[in-house]
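Structural description and commentary
If you want the building blocks of each chain, they are given just below.
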Amino acid sequence: MSPTPPTPRTHLFDASVRTRTATPLRPADGHEVTAELVTFDGLADGRDHVALVLGGAATTSAPLVRLHSECLVGDVFGSARCDCALRLREAARIIAGTGGVLLYLRQVGCGVEPTGDGPGSTAAAAAQMLAALGVTEPDLLTDHPDEARRLRCLGIDVRFVRPIRAVTTGRNVSYLRSRPSTAPHVLGLAG
């Protein structure tokens, strides 16, 4: 008789913190901040996402949270086509000033947003990460209008949504307008 394969872990409380490490960060703009990097075990989608706890989130009653989808060409190589690295740095700066958590969500490829609220979705993993950190009633810093609904469906009671606008330049505006997940009001662009 062969062993029964394990059941996928999908409940918010199935994830747990694996490691916590304080790390000083200095992005290209020179704004230095110390973050606590947190990794997790038992995430629903099986990926190695990381949380950056910034600005004393543990002492904040409603920490500010941002879900950032990995963008290799933007975040690492500074692509001028997208605004991913610029939004990542801006979100880290804002969160460090108020206290909160930036979730860096690993993706299969560029252009994949933290969509879906199913048990194996990236949104489910984000909700698990927040629950493992004890963050169940955050304010949300987002450029995706549906993100708060997804998190609420997964047991995270988002209290307030604060928009983060796309950073447009002459080199990226056409690309940003073409992204199906980016609404014109979030971009601050004329239709």
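A brief structural summary. Just so it is clear, the structure is predicted and the values come from calculations on it, not from any experiment.

**Here we look at the nonpolar core**
Membership of the largest hydrophobic core comes to 27 residues, with the highest contact counts inside it found for Ala51, Leu67, Val101, Leu103 and Leu151. Among the secondary structure elements, those contributing two or more residues to this core are strand S2 (33–41), strand S3 (50–54), strand S4 (64–69), strand S5 (100–105), helix H3 (122–132) and helix H4 (147–153). Among the elements that line this core, the one with the most residues is H3, at seven residues. Beyond its immediate chain neighbours, meaning those up to four positions away, leucine 103 contacts Val50, Ala51, Arg66, Leu67, His68, Ala126, Met129 and Leu130. Ala35, Leu52, Leu54 and Leu102 belong to the second largest nonpolar core, which has 15 residues in total.

**Regarding H3**
H3 sits mainly inside the fold: 10 of its 11 residues count as buried. Among the residues of H3, Thr122, Ala123, Ala124, Ala125, Ala126, Ala127, Gln128, Met129, Leu130 and Ala131 are the ones counted as buried. For H3, the elements touching its buried residues are S2, S3, S4, S5 and H4. Phi turns positive one or two residues past the end of H3, at glycine 134, with a value near 80°.

**A look at the side chain of glutamine 128**
Position of glutamine 128 relative to the elements: it lies in helix H3. Its relative accessible area of 0% is what places glutamine 128 among the buried residues. A distance of 2.6 Å separates the side chain of glutamine 128 from the backbone nitrogen of alanine 44, its partner in a polar contact.

**Structural notes on helix H2 (residues 84–98)**
With 15 residues, H2 should cover 21 Å at 1.5 Å per step; its first-to-last C-alpha distance of 21 Å lies within 8% of that length. Looking only at H2, the buried set comprises Cys84, Ala85, Arg87, Leu88, Ala91, Ala92, Ile94 and Ile95. Of the surrounding elements, those touching the buried residues of H2 are S3, S4, helix H1 (72–76), S5, strand S6 (139–142) and strand S7 (160–163). Taken from the residues just after H2, glycine 99 is the one with a positive phi, measuring 95°.

Procedures and definitions
Residues numbered from 1 in each chain as written. Predicted model: local features only at pLDDT ≥ 70, side-chain atom pairs only at ≥ 80, totals over all residues. Heavy atoms only, no water. Core = buried A, V, L, I, M, F, W, Y, C linked by side-chain atoms within 4.5 Å. Buried < 20%, exposed > 50% of the residue type's maximum accessible area, 1.4 Å probe, protein only. Helix = DSSP H or I, 4+ residues; strand = E, 2+ residues; numbered from the N terminus. Contact = heavy atoms within 4.5 Å. Polar contact = N/O pair within 3.5 Å; in protein donor to acceptor, adjacent residues only side chain to side chain. Expected span 1.5 Å × (residues − 1).

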